[in-house]
Amino acid sequence: WIEAANGRGVDKTPSRDLDYSADTLHVTYEENGEIQAVAATGHAKVVARGVTSVTTVGGDQVLLAFAAVKGDTVLTAATANGHGSLEATPVADPRGDTPDTRVIKSEVIDINMKPGGRELDKVNTRAPGTLEFLPNQIAHHRRLLRSDLMSVTYGARNEIQSFHATAAATETYPSEDDRRRKRGSPVPSYTSSRLLDAAFDEKGQLRTMKQTGDFRYTEAERKAQSETATLENERNVMTLDAAARISDDTGTTTADQIVLDQATGDFDARGHAVTTRLPDQKSGASSSAMLDKSAPTQGSADRVTSANRNHLLHYAGNAAVWQASNRIQADRIDIDRDRKTVVADGKVVSQFQDQAKPTATVVKAPHMIYTDADRLAHYTGGVDFWRPTLTVKSEALDAWLNEENSDADSRLNHAFGDGKVEIVQFSPERQRVGNSEHAEYYTNEGKIILIGGAPQLKDSKRGNTKGDKLTYFVDDDRLLVDSAPDKKPAEPKTQTHIRKKS
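Reference entry: report on the structure contained in this document. (Residues numbered from 1 in each chain as written. Predicted model: local features only at pLDDT ≥ 70, side-chain atom pairs only at ≥ 80, totals over all residues. Heavy atoms only, no water.)

Some remarks on the pattern of salt bridges
Selection criterion: Definition used for salt bridges: Asp or Glu carboxyl oxygen within 4 Å of a side-chain nitrogen of Lys or Arg. Per the convention used, a helix needs a DSSP run of H or I reaching at least four residues, while a strand needs a run of E reaching at least two, with both numbered from the N terminus. Accessibility here uses a 1.4 Å probe with only protein chains present; expressed as a share of the type maximum, an area under 20% marks a residue as buried, one over 50% as exposed, and anything in between as partly exposed.
Within the structure shown, the criterion is met by 23 salt bridges. In this structure, the salt-bridge partner of R126 is D110, at a minimum N-O distance of 2.7 Å. With a gap of 16 residues between them, R126 in the loop between β7 (120-125) and β8 (129-134) and D110 in strand β6 (residues 101-113) connect regions that are remote in the sequence. Since its relative accessible area comes to 52%, R126 is described here as exposed.

Digging into empty space enclosed by the protein
So the rule is basically this: Think of a 1 Å grid over the protein atoms and nothing else: a 1.4 Å probe that fits but is trapped marks a cavity, an open set flanked by protein within 12 Å on at least five of seven lines marks a pocket, and residues with an atom within 4 Å of a point count as lining. Grid points are joined across faces, edges and corners, and a volume is the space filled by probe spheres set on the points. Under the grouping applied here, Gly and all other residues not named as nonpolar or charged are polar, the nonpolar ones being Ala, Val, Leu, Ile, Met, Phe, Trp, Tyr, Cys and Pro and the charged ones Asp, Glu, Lys and Arg.
For the structure shown, the criterion picks out 8 cavities of 30 Å³ or more. In this structure, the second largest cavity encloses a volume near 100 Å³. If you go around the second largest cavity, the residues you meet are L131, F133, R143, L144, L145, F163, T170, T172, L196, F200, L206 and M209. Among the elements of the structure, β8, β9 (143-147), β11 (160-172), β12 (189-200) and β13 (206-219) are those that each provide at least two residues to the lining of the second largest cavity. When grouped by side-chain class, the residues that make up the lining of the second largest cavity number 9 nonpolar, 2 polar and 1 charged.

A look at the nonpolar core
The tendency in soluble globular proteins is for nonpolar side chains to be buried as a group. Rules: Working definition of a nonpolar core: buried Ala, Val, Leu, Ile, Met, Phe, Trp, Tyr and Cys residues. They are joined through side-chain atoms within 4.5 Å. Contacts were defined at the residue level, with two residues in contact if any of their heavy atoms lie within 4.5 Å.
Counting residues in hydrophobic clusters, the biggest one holds 53 residues, and the most contacted among them are L240, Y315, I333, Y379 and I423. The biggest single contributor to this core is strand β24 (residues 390-401), with 5 residues. In contact with I333, not counting residues within four places along its chain, are L313, H314, Y315, A319, A320, V321, I328, V342, V343 and A344. Grouped together as the second largest cluster of nonpolar side chains are 40 residues, V38, A165, A168 and L206 included.

Let's talk about the layout of surface pockets
Quantified by volume, the largest pocket comes out at close to 870 Å³. Looking at the largest pocket, it is lined by 40 residues, and the ones nearest its centre are H141, R143, T172, N233 and N236. Every element with two or more residues in the lining of the largest pocket is listed here: β11, β12, β13 and β14 (222-232). A per-class count over the lining of the largest pocket returns 15 nonpolar, 15 polar and 10 charged.

Concerning unusual backbone geometry
In terms of backbone geometry, most residues other than glycine have negative phi values and most peptide bonds are trans. One non-glycine residue, T389, lies in the positive phi region at around 65°. Checked against the element boundaries, T389 lands in the loop between β23 (376-387) and β24. Phi angles above zero are rare outside glycine, and K420 is one such case at about 50°. For K420, a relative accessible area of 63% gives the class exposed.

Remarks on the side chain of S189
Relative to the helices and strands, S189 resides in strand β12. A relative accessible area of 12% means that S189 is categorised as buried. Residues within four places of S189 in sequence aside, it is in contact with T170, E171, T172, Y217, T218 and E219.

Some words on the environment of V51
Following the sequence through the fold, V51 ends up in the loop between β3 (35-49) and β4 (53-69). Taking the C-alpha atoms as reference points, V51 and D197, 146 residues apart in sequence, are found 28 Å from one another. Not counting residues up to four positions away in its chain, the partners in contact with V51 are V91 and R118.

Quick look at the structure:
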């Protein structure tokens, strides 16, 4: 053995190229003179030069172990104790494809070499530490992993193949290319979980990362949590599984599973999906007057997808969107916040609460399209319309809502029904049934107009009336009958059968 103060050693053979230095060097040799071990203590540093990278190990103490292989000795393992560090710096690629520099730091680092002793095989930390990726290309991201324990497996060319970490937390920073192009979020993202497993491609770039156990994610206003999260790095897509939840300054979504595009914020939520969208307070913000702009909008469905930064929302399967007592249900609901439209398909039920009274307007139909420009809800496919003491059946129905700042009691301003219209008004003392091809109902006046298709009104109190146009009022006995001149005076258009009092 040899021991030297302020020592420096050089070991160059066909199988290795090592430099090592420390305050004290203790070198042990085999009987045949081959090196057996090196103990470097105090400001210890070991540099191993390979074909594809330069690996530097440092710490308060570094131990190197060698083994005899075919008449030579090769480096088999190393241990860094106290302020340990392992830095793998790739050799520059003239094509510009230089991989990231990787730096591991921990109080204790165990290193195992591949056969031949020139490339890393596995690295384990036995104390809390960090793994940092320092980009050598402007398109790559700086990443930092903190964990209690980690195990790193290396592939060819000293590139990381996979790693496993416990009690893990990550930091990912925008790339230089992102900053120059002003793409994505300008702030770093953070994650944490009990376990973390990552896989890398042949170039040492992150391919997938799976985090399990109480996963948390933060990027500016955007936050996420779940039991398990899987990141597909090339697509920049994160899949949240089990008790998944995402939120930002526009609202919150929960589901059994949520697939999130981190670049755009678009998501696909599946299984018991529930959304809460907050009112947009910006001047001229895009929203729909079908539901109150000043209150949060909630929704639920078997599946909810969001696109265009939450401006396009699609609810599919047992879909519902509501605010307090205002509610829309259907098999599918689509909300376009830019065009200010709501489209509902399949078993549509809409309910709008009056402002001053505990009453509501309920409409059922197979299909509905609402456009905010004219505050018009268009129902087709066979429509059932309910108001207190009033029902309307028709093939199609157009309902106009009052303006948001209207002082009218009802959310409904007026409605037009077309195709086999039947209007039934009922009260304890009478029932009136109107039939026509077209009908108009004006909420504020309580007025009903019947036109087309031989309009008639059957009144249990006053008898039956027919005419070209019948106008009556739900709150009193007024009835107006209009008939066009007929070519046959003997057959008048207006016919009234008065019911006699018994």
